[in-house]
Amino acid sequence: MSADRLALGPLAGSLGKVAVPARMRTTMLRRSLREHPGPAVAGLAGLLAAAWLIRYALRGDQHTLALLVGAWVLGWIVLPLLLGGGRGRVHPAHLRLEPIGSFPAAIGLLAASAIGIGPAVSLVALAALPVHAARHGLVAVLVTACGGLLLWLLGLIGSAIALEVVGHAGGPVGALLTGIFTGTAMGVAGSLWAVFPWVSVLLVRAPDEVVRAMAYVPSGWPISAVTGSPERGVRMMATLAGIVVLCAAAYIVLVRRVITAGVPFRPRRTTAVPLSRPADRESAALRAQAGAGRAQRGWRGWVPAATRAVVDRELRAWMRHPLRLQYLAFAVVYGALLAGLPLLSDVDLLLPWAGPLAVLGAAAMSAGLIGLDGTALWLPLTTPGGERAEVRGRALAWLVLVTPIGVLLSVAGVILAPDVDPLAALSTLPALLGAGASVPVWVSLLRVRPAVDPRHPTSADNPTDIVNVLVATGGGLLAAAPVLALLVWGPPGVAPLLPLVGLLCGAAAWWGGSRLADDRLAQRGTEVLAAAGQRSRPPETVIPLKMDAEWYRENRSTAWALGLLTVGWIPVIPQGVMALAFGLDGGWIVAGHLEGGARTAVGLGMVALGVAMLLAGLVLWDRRPRLGRA
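Note that this is a predicted model, so its numbers are computed, not measured.

## Some thoughts on the overall build of the protein
No. 1: Scanning the protein from terminus to terminus reveals 27 helices and 0 strands.
No. 2: Expressed as a percentage of its 630 residues, the buried residues of the protein come to 40%.
No. 3: When the accessible surface of the protein is totalled, it reaches about 33100 Å², and 69% of it is carbon and sulfur.

This is the structure we're talking about:
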């Protein structure tokens with residue numbers, strides 16, 4: 001009896017150590033569900049999606065089902081990075097002071113990760129694989145069930161690795177992923193008319209290119225293993241199991257590194273080298289003078305030194321600040337998808353406009369960056385000529401950063417759509433660049449929304465509101481309006497002059513926006529500094545998520561503003577601009593049923609109606625009642 005106790009003692013101790021993270025996670029989850037109903041609501045939505053996936057598996061296409069399952073597992077890995085899913089998890093750093101080894105700690109952390117609503121819902125969703133394989137017999141059900149379990153483990157381990165690596169690799173990685181995800185979601189939402197036909201075809205039967213690609217995607221291997229030859233099925237399942245084992249080994253190494261060193265990776269070493277000898281200091285001074293001479297000989301020689309310093313600071317901030325990277329990634333992905341997704345419906349008309357759309361999005365997302373700087377704005381206010389250098393430096397840095405992106409996307413669109421005339425898109429690009437560089441600086445100085453903590457910004461510290469976005473977008477559209485007007489109503493021989501008109505409009509927009517920003521910062525600099533230095537914003541009017549008649553009676557201006565700002569874009573874009581500039585016809589486009597002057601008049605009337613609705617919405621939104629305001 002004593003020998004049995006001695007034999008079970010180490011095993012019981014190891015199991016107790018493995019159970020520690022699981023108990024911690026259970027306590028966290030229980031308290032979270034008691035305090036916040038959000039996870040339960042999200043779990044219910046996930047169960048509905050899983051039920052639809054299982055229903056589709058009964059009669060759906062094999063390859064489409066594999067694609068949907070792969071998207072589910074990928075979303076399980078990526079979405080927690082974007083939605084803050086790592087806050088309620090047990091991390092390896094929590095076990096540094098516990099007497100537990102790296103292997104038991106990794107097993108315990110994975111067991112803790114499996115406790116939650118997300119893993120349970122994912123396990124239900126992956127049951128679609130054996131449901132689909134039921135038509136092939138009992139053996140096929142067992143094989144696909146094992147494959148679904150391996151995919152579930154792959155998602156579980158992959159999510160744990162991603163949260164630990166990205167969370168410690170720094171904010172920029174998570175910011176880029178967030179920008180890409182939100183840009184993709186908004187781009188798909190803005191191109192539903194082009195995506196829906198392709199999705200409907202995909203749900204009926206996967207195209208040949210999808211079938212060929214799914215042969216290399218792990219989510220398609222469990223079903224392919226039971227529909228192909230036995231030798232091929234064994235190879236696929238063994239490869240899938242090997243991938244899971246490799247990911248588990250990588251996670252064990254990662255946990256061991258965190259427990260022993262505190263971080264998953266070694267911090268970067270500084271490149272600064274101490275100068276201990278006079279000769280070293282003299283050579284460094286000579287190199288600095290040579291570099292300054294080369295800078296003076298280039299384009300930077302035309303820019304004052306104070307402005308160059310602001311440009312360097314802003315470029316470094318764009319590359320390092322998480323929210324700026326998120327905004328830039330969002331604009332690029334959003335513009336590219338708005339122009340590229342219509343290809344799913346064989347419409348390549350918008351491809352050359354990928355650059356202008358991305359530039360316009362980048363300008364809109366830059367319309368509140370002053371709020372991220374906090375009290376650092378006192379530096380240009382206490383420097384002679386600092387206001388002008390601050391405005392010019394911010395605008396020039398934005399231009400240096402965004403111009404290559406806009407040009408590359410435009411050139412790519414022209415190459416991919418050689419039959420589409422790119423003159424209009426290429427002519428409006430300089431106008432949008434000139435307006436996007438200077439107008440957002442003025443808008444961000446005009447309406448400052450401070451961040452709660454500029455040193456540790458999060459996605460909740462979004463300094464851009466709808467008014468800033470609309471004004472910055474309107475500035476770009478106003479700068480491009482002469483080019484579009486000449487293109488639509490100008491004489492036939494004016495086409496070669498459109499690039500020159502675009503350059504002149506961009507230069508005028510640059511000059512006008514810079515002058516307005518200079519005047520705002522010089523005349524109201526102390527007010528801007530005080531607003532940017534606030535640590536708390538005045539409480540906004542709470543908008544209910546369900547029908548509340550009493551709230552709508554007491555906040556009619558807010559309700560009307562939301563309605564006008566939401567509906568006002570319909571007359572402007574589809575009913576007006578798309579019908580006039582691109583000649584699109586459709587059953588719901590009013591101008592598309594008319595010809596000649598009547599078509600133009602109705603299109604212009606729709607644009608005017610939409611602009612009036614948006615302006616009225618802006619006025620009502622600015623006058624909405626706020627808590628704490630007399």
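That covers the picture; the talk isn't over yet.
## Brief notes about the packing of aromatic side chains
No. 1: Taken as a whole, this structure holds 3 aromatic pairs when the rule is applied.
No. 2: With centroids separated by 5.7 Å and ring planes inclined at 15°, the aromatic side chains of Trp52 and Tyr56 adopt a geometry described as stacked. Here Trp52 and its partner Tyr56 are both found in helix H2 (residues 38-59), 4 residues apart, which amounts to about one turn of the helix.
No. 3: Take Trp52: its relative accessible area is 40%, and that puts it in the partly exposed class.
No. 4: For the pair Phe330 and Tyr334, a centre-to-centre distance of 5.4 Å together with 20° between the ring planes defines the contact as stacked. Here Tyr334 and Phe330 lie together in helix H15 (residues 322-340), a separation of 4 residues that amounts to about one turn.

## So, empty space enclosed by the protein
No. 1: The full count for this structure, using the stated rule, is 2 cavities of 30 Å³ or more.
No. 2: Of the volumes computed, that of the largest cavity is approximately 110 Å³.
No. 3: As for the largest cavity, its lining consists of 13 residues, of which Glu314, Ser366, Leu369, Arg394 and Val441 are closest to the centre.
No. 4: If one sorts the elements of the lining of the largest cavity by residue count, helix H20 (residues 423-446) sits on top with 5 residues.

## Here's the deal with the confidence of the model for the protein
No. 1: Looking at the protein, pLDDT values average 78 and 78% of them are 70 or higher.
No. 2: Taken as a whole, residues 1-8 scores under 50 in pLDDT and shows 0 contacts with residues more than four places along the chain or in a different chain.
No. 3: Segment residues 267-277: pLDDT under 50, and 4 contacts once partners within four positions in sequence are set aside and those in other chains are kept.

## As for the pattern of salt bridges
No. 1: By the definition in use, this model includes 7 salt bridges.
No. 2: A salt bridge links Arg324 to Glu314; the shortest N-O distance between them is 2.7 Å. Here Arg324, found in helix H15, pairs with Glu314, found in helix H14 (residues 305-320); they are 10 residues apart in sequence, far enough to count as distant. Note on accessibility: Arg324 and Glu314 belong to one class, buried.
No. 3: The salt bridge partner of Glu390 is Arg394, with a shortest N-O separation of 2.8 Å. One end of the pair is Glu390 and the other is Arg394, both in helix H19 (residues 386-416) and 4 residues apart, which spans about a single turn. Comparing Glu390 with Arg394, the two get one shared label, buried.
No. 4: When salt bridges that share partners are traced, they join Arg313, Glu314, Arg324, Glu390 and Arg394 into one network.

## Brief notes about the packing of helix H16 (residues 354-365) against H19
No. 1: Following both chains from N to C, one finds H16 and H19 inclined at 155°, their axes separated by 7 Å at the closest point. It follows that H16 is roughly antiparallel to H19 by the angle criterion. Viewed along their axes, H16 and H19 form a crossing whose handedness is right-handed. Mapping the contact onto sequence places Ala354, Gly355, Pro356, Ala358, Val359, Ala362 and Ala363 in H16 and Trp398, Val402, Gly406, Leu409 and Ser410 in H19.
No. 2: When its residues are assigned to classes, the contact of H16 with H19 shows 9 nonpolar, 3 polar and no charged.

Thresholds, definitions, all that
Residues numbered from 1 in each chain as written. Predicted model: local features only at pLDDT ≥ 70, side-chain atom pairs only at ≥ 80, totals over all residues. Heavy atoms only, no water. Helix = DSSP H or I, 4+ residues; strand = E, 2+ residues; numbered from the N terminus. Buried < 20%, exposed > 50% of the residue type's maximum accessible area, 1.4 Å probe, protein only. Areas by Shrake-Rupley, 256 points an atom, 1.4 Å probe, with all protein chains shown as cover. Phe/Tyr/Trp six-rings, centres within 6.5 Å; stacked < 30°, edge-to-face > 60°. 1 Å grid on protein atoms, 1.4 Å probe; cavity = no way out; pocket = protein on both sides within 12 Å on 5 of 7 lines; lining within 4 Å. Points joined across faces, edges and corners; volume = space filled by probe spheres on them. pLDDT = per-residue confidence, 0-100. Contact = heavy atoms within 4.5 Å. Salt bridge = Lys/Arg side-chain N within 4 Å of Asp/Glu carboxyl O. Axes fitted to C-alpha atoms, helices over the stretch in contact; angles between N-to-C directions. Parallel < 35°, antiparallel > 145°, perpendicular 65-115°, else oblique. Left-handed = near helix turned anticlockwise from the far one by under 90°. Nonpolar A, V, L, I, M, F, W, Y, C, P; charged D, E, K, R; others polar.

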